[in-house]
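Below are the chains, spelled out letter by letter.
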Amino acid sequence: MDCIFCKIITGEKPCFMIYEDAFTIAFLDIANDVDGHTVVIPKKHIRNILDCDNETLGNIMNTIKHISNHYINDCGYQGINILNANESSAQQSVFHLHFHIIPRKDNDNINAWPDFTGSQHRLEEIHKLLKLC
Ligand code: DGP
């Protein structure tokens, strides 16, 4: 399988590693678009959240929490955005499950929350379509 993140896990491709444990690794995103932009991935190859087992998802969340606390407690950041894309319609470009950590500072002028253009349906209609309970 030709997966760039699997190559980072094996060391075949270099990265700026931030954290590693038995189940996950975290490294700086090559985009270098925001200071500290970090990617957290499972060591197991999983396409995205839709096929991820709960145990692995828990391990990833533990790593995200650990790194987020480190960035805030030790590295001078005050906030964290966590972003994740699943499937190409949602703009996933690397098909190995990953979460982006964007460390934030007060008044850093980063807009990590896009201005959506507005919904096409009333809440009642969309609720009828989506609800599970
Ligand atoms: P997404 O669009 O959510 O699938 O994010 C994929 C991210 O992976 C994107 O922000 C760039 C990053 N990326 C792609 N290839 C590499 C690489 O070889 N090294 C590192 N460090 N990051 C990569």
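Residues numbered from 1 in each chain as written. Predicted model: local features only at pLDDT ≥ 70, side-chain atom pairs only at ≥ 80, totals over all residues. Heavy atoms only, no water.

Q: Just to check I follow, could you spell out the nonpolar core for this structure?
A: One broad trend across soluble globular proteins is that nonpolar side chains are buried collectively. In terms of nonpolar packing, the biggest core is built from twelve residues, these being Ala 26, Val 40, Ile 46, Cys 52, Ile 60, Ile 64, Ile 67, Tyr 71, Tyr 77, Leu 97, Phe 99 and Ile 101. Contributions of two or more residues to this core are made by helix H2 (54–74) and strand S5 (99–104). Among the elements that make up this core, the one with the highest residue count is H2 (four residues). The contacts of Ile 67, once residues within four sequence positions are left out, are Tyr 19, Ala 26, Val 40 and Ile 101. One finds Cys 3, Phe 27, Val 39 and Ile 41 within the second-largest nonpolar core, a separate group that totals eight residues. (Core = buried A, V, L, I, M, F, W, Y, C linked by side-chain atoms within 4.5 Å. Buried < 20%, exposed > 50% of the residue type's maximum accessible area, 1.4 Å probe, protein only. Helix = DSSP H or I, 4+ residues; strand = E, 2+ residues; numbered from the N terminus. Contact = heavy atoms within 4.5 Å.)

Q: What exactly am I supposed to notice about the site of the ligand here?
A: The local shell around the ligand holds 15 residues, among which Lys 13, Asp 29, Ser 93, His 98 and His 100 are the closest. Asp 29 has a polar side-chain atom sitting 2.5 Å from an oxygen atom of the ligand. One nitrogen or oxygen atom from the side chain of His 98 is found 2.9 Å from an oxygen atom belonging to the ligand. Contact with the protein chains removes 82% of the 510 Å² of surface that the ligand exposes when unbound. (Near = heavy atom within 4 Å. Polar contact = N/O pair within 3.5 Å; in protein donor to acceptor, adjacent residues only side chain to side chain. Areas by Shrake-Rupley, 256 points an atom, 1.4 Å probe, with all protein chains shown as cover.)

Q: Would you take a moment to explain the sheet that holds strand S2 (residues 24–28) for this structure?
A: Two modes of strand pairing occur in sheets, parallel and antiparallel, and in both the strands are linked by backbone hydrogen bonds. Judged by pairing direction, the sheet is antiparallel, and its five strands sit side by side in the order S1-S2-S3-S5-S4 without closing on themselves. Each edge of the sheet is formed by a strand with only one pairing partner; in this case those strands are strand S1 (17–20) and strand S4 (79–83). With direction set aside, neighbouring strand axes in the sheet form an average angle of 20 degrees. As defined by bridge partners, S4 adjoins S5 across five bridges and the pair is classed as antiparallel. Bridging from a neighbouring strand, Ile 80 pairs with Pro 103 of S5. Each of S1, S2, strand S3 (38–42), S4 and S5 touches H2; the most contacted strand, S5, lies at about 15 degrees to it. (Pairing = 2+ DSSP bridges. Axes fitted to C-alpha atoms, helices over the stretch in contact; angles between N-to-C directions.)

Q: Please explain unusual backbone geometry as it appears in this structure.
A: Glycine aside, residues mostly have negative phi angles, and peptide bonds mostly take the trans form. Even without a glycine there, the phi angle at Glu 87 is positive, about 80 degrees. Assignment of secondary structure puts Glu 87 in the loop between S4 and S5. The backbone of Gln 91 shows a phi angle near 75 degrees, a positive value even though the residue is not glycine. Note that Gln 91 resides in the loop between S4 and S5.

Q: I keep staring at the pattern of salt bridges and nothing clicks. Help me out?
A: Two side chains carrying opposite charge are able to pair once their charged atoms lie near each other. Under the criterion given, the structure shown has six salt bridges. Note that Asp 108 and Arg 104 form a salt bridge whose closest N and O atoms lie 2.8 Å from each other. By relative accessible area, Asp 108 is classed as partly exposed at 23%. Residue classification places Arg 104 among the buried residues on the basis of a relative accessible area of 17%. (Salt bridge = Lys/Arg side-chain N within 4 Å of Asp/Glu carboxyl O.)

Q: Please clarify how the packing of aromatic side chains should be interpreted in this entry.
A: Centre distance and the angle of the planes are the two values used to describe a pair of aromatic rings. Counted by the stated rule, this structure contains three aromatic pairs. Between Tyr 71 and Tyr 77 the ring centres are 6.2 Å apart and the planes differ by 45 degrees, which places this aromatic pair in the tilted class. By the burial criterion, Tyr 71 is buried, and Tyr 77 matches it. Taking the centre distance of 6.5 Å and the plane angle of 80 degrees together, the rings of Trp 113 and Phe 116 count as edge-to-face. Overall, the relative accessible area of 64% leaves Trp 113 in the exposed class. A relative accessible area of 67% places Phe 116 in the exposed class. Above the plane of the ring of Tyr 77 lies Lys 105, whose end atom (NZ or CZ) is 5.0 Å from the centre. (Phe/Tyr/Trp six-rings, centres within 6.5 Å; stacked < 30°, edge-to-face > 60°. Lys NZ or Arg CZ within 6 Å of the ring centre and 35° of its normal.)

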